[in-house]
Amino acid sequence: MSRLIDGKAVAAELRARVAEAVAVLADRDISPGLATVLVGEDPASRVYVRNKIRMCAEVGIRSIEHAPDAGISQAALLDLVGRLNADPEVDGILVQLPLPAGIDASRITEAIDPLKDVDGFHTTNAGRLSAGLEAMVPCTPAGCMILLRSVCPDPKGLRAVVVGRSNIVGKPVAQLLLAAHCTVTIAHSRTVDLDARCREADILIAAVGRAEMIRGGWIGPGATVIDVGINRIEGKDGKGVLVGDVEFEAAKEVAGAITPVPGGVGPMTIACLLRNTVIAACRRRGMDVPEAIPPA
């Protein structure tokens, strides 16, 4: 039976460390500010942004909210982003995705000042991360690494397999694993002998976006499994249930440590957004990041 990696507990600890860092900055008359832009009335996005705003308040980060209606033009949204870029009171900018039809999300993302890009999606940050330079790290990959280090403080030399090649999770988490001196393989749904590649892993990051695609028999004995997937399927009672990309019940009998779904990677994403906001506030001012903030 594997050790369960409690994402809720690790996220709570990270939020406490962020609050400690915010207090350090307050002693220097610095109050980090996060601007959220929610376009339209998408219910899931509204809940997500509401949770972000609540957690900002809990750790002492100022929340600056903008909620234009779904009919806003791309030009007007770009103008709003430009004003937030120029606002010295704003340290981080988060434009909630998805955006309404007719707005090019990549144009909006690229318009955000890379220093305020707390999502870490700007190509400048992606390129710097790939080059091994200081960059804003996307929240979910950062959360994956913090969870990994909670059970494996020094993964140097271990074999890591990332199943998934998205710009949001797969590629950046692979770069972070390389920076941690792991030997990294990026696999995906079309990889030949994917089961064999997974069995080779000391560390398996599942981010392919397919419910329980990675079977329990694909897990090497003692491996650490970080399951990024969040998929809704029909349960035995006919009701919807959330599952990951890994067949959890079978995998937990083999893995050394594993994240559950829900309650694993999910809680880390907002906690890492708060972390990134503090980092952005420091870097914009040419300051060192407080020691309370852990590395990704």
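Owing to the predicted nature of the structure, the values given are computational and were not obtained by experimental measurement. (Residues numbered from 1 in each chain as written. Predicted model: local features only at pLDDT ≥ 70, side-chain atom pairs only at ≥ 80, totals over all residues. Heavy atoms only, no water.)

Undergrad: Mind showing me how you'd approach the overall build of the protein here?
TA: The number of helices and strands found in the protein is 10 helices and 11 strands. The C-alpha radius of gyration of the protein comes to 19 Å, within 12% of the 19 Å expected for a compact globule of 296 residues. Referenced to the eigenvectors of the C-alpha coordinate spread, the extents of the protein come out at roughly 50 × 40 × 35 Å. Per-residue burial over the protein gives 49% buried out of 296 residues. In the protein, the proportion of contacts linking residues at least 24 apart, taken out of those at least 6 apart, comes to 70%. Charge-centre separation for the protein: the mean point of 32 positive side chains lies 2 Å from the mean point of 35 negative side chains. (Helix = DSSP H or I, 4+ residues; strand = E, 2+ residues; numbered from the N terminus. Rg over C-alpha atoms; globule rule 2.2 N^0.38 Å. Buried < 20%, exposed > 50% of the residue type's maximum accessible area, 1.4 Å probe, protein only. Contact = heavy atoms within 4.5 Å. Lys, Arg positive; Asp, Glu negative; His and termini not counted. Charge placed at Lys NZ, Arg CZ, Asp CG, Glu CD.)

Undergrad: Mind showing me how you'd approach the packing of helix α6 (residues 139-151) against helix α7 (residues 170-179) here?
TA: The axes of two packed helices give the description: the angle between them and the distance between them. It is the contact of α6 with α7, at a shortest axis distance of 9 Å, that shows an interaxial angle of 40°. Comparing the axis directions of α6 and α7 gives the class oblique. The handedness of the crossing between α6 and α7 is right-handed. Contact with α6, carried on its side by Pro141, Ala142, Cys144, Met145 and Leu148, involves Pro172, Val173, Leu176 and Leu177 of α7 and no other residues of that element. (Axes fitted to C-alpha atoms, helices over the stretch in contact; angles between N-to-C directions. Parallel < 35°, antiparallel > 145°, perpendicular 65-115°, else oblique. Left-handed = near helix turned anticlockwise from the far one by under 90°.)

Undergrad: Got a minute to help me understand the packing of helix α2 (residues 43-59) against helix α10 (residues 266-284) in this structure?
TA: Contact geometry of α2 with α10 gives a least axis separation of 10 Å together with a crossing angle of 50°. One element, α2, and the other, α10, form an angle in the oblique class. The handedness of the crossing between α2 and α10 is right-handed. Of α10, the residues touching α2 (which contributes Tyr48, Asn51, Lys52, Met55, Cys56 and Val59) are Thr269, Ile270, Leu273 and Leu274. Here the contact of α2 with α10 is built from residues that sort into 7 nonpolar, 2 polar and 1 charged. (Nonpolar A, V, L, I, M, F, W, Y, C, P; charged D, E, K, R; others polar.)

Undergrad: What is the right way to read the pairing of strand β8 (residues 224-227) from this model?
TA: A regular strand places its side chains so that they alternate between the two faces of the sheet. Side-chain alternation along β8 places Thr224 and Ile226 on one buried face and Val225 and Asp227 on a second face that is also buried. With 4 bridges connecting them, strand β7 (residues 203-206) and β8 associate as parallel partners. Bridged to Ile205 within β8 is Ile226. With 2 bridges joining them, β8 and strand β11 (residues 257-258) adopt parallel strand pairing. Looking at the pairing, Thr224 lines up with Ala257 of β11. (Pairing = 2+ DSSP bridges.)

Undergrad: Any chance you could explain the nonpolar core here in plain terms?
TA: Generally speaking, soluble globular proteins have nonpolar side chains that are buried together. If you look at the biggest cluster of nonpolar residues, it comprises 57 residues, and the most contacted ones within it are Val18, Ile61, Leu177, Ile205, Met268 and Val278. For this core, the elements supplying multiple residues, two or more each, are α1 (7-26), α2, α6, β5 (159-163), α7, β7 and α10. Ranked by the residues each element gives to this core, the list is headed by α10, at 10 residues. Val18 has contacts with Val59, Ile61, Ala271, Leu274, Arg275, Val278 and Ile293, leaving out every residue within four places of it along the chain. Grouped together as the second largest cluster of nonpolar side chains are 18 residues, Trp218, Ala251, Ala255 and Ile258 included. (Core = buried A, V, L, I, M, F, W, Y, C linked by side-chain atoms within 4.5 Å.)

Undergrad: Mind showing me how you'd approach the side chain of Ser2 here?
TA: Inspection of the secondary structure assignment puts Ser2 in the segment before β1 (3-4). Relative accessible area serves as the criterion here: at 13%, Ser2 is assigned to the buried category. If we skip the residues at most four places from it in the chain, Ser2 touches Lys252, Ala255, Gly256, Ala257 and Ile258.

Undergrad: Explanation requested: the environment of Asn85 in the structure shown.
TA: Here Asn85 is to be found in helix α3 (residues 74-86). Classification of Asn85 by relative accessible area gives partly exposed; the value is 22%. C-alpha of Asn85 to C-alpha of Ile112: the two residues are 27 residues apart in sequence and 6.7 Å apart in space. The contact partners of Asn85, leaving out residues within four places of it in the chain, are Ile93, Ala111, Ile112, Asp113 and Lys116. For Asn85, the side chain forms a polar contact with the main-chain oxygen of Ala111, separated by 2.8 Å. (Polar contact = N/O pair within 3.5 Å; in protein donor to acceptor, adjacent residues only side chain to side chain.)

Undergrad: Just to check I follow, could you spell out the side chain of Thr36 for this structure?
TA: Among the secondary structure elements, Thr36 is positioned in strand β2 (residues 33-37). Note on Thr36: relative accessible area 3%, which makes it buried. Excluding its chain neighbours within four sequence positions, the residues that come into contact with Thr36 are Val49, Ile53, Ile64, Glu65, His66 and Leu94.

Undergrad: Looking at this model, I keep getting lost on the sheet that holds β2. Mind explaining?
TA: Across a sheet, paired strands are connected by hydrogen bonds in the backbone, their directions being either parallel or antiparallel. Judged by pairing direction, the sheet is parallel, and its 3 strands sit side by side in the order β3-β2-β4 without closing on themselves. Only two strands of the sheet have a single partner each, and these edge strands are β3 (62-66) and β4 (92-95). Strand-to-strand twist across the sheet, computed as the mean angle between neighbouring axes with direction ignored, equals 20°.

Keep in mind these values describe shape, not function.
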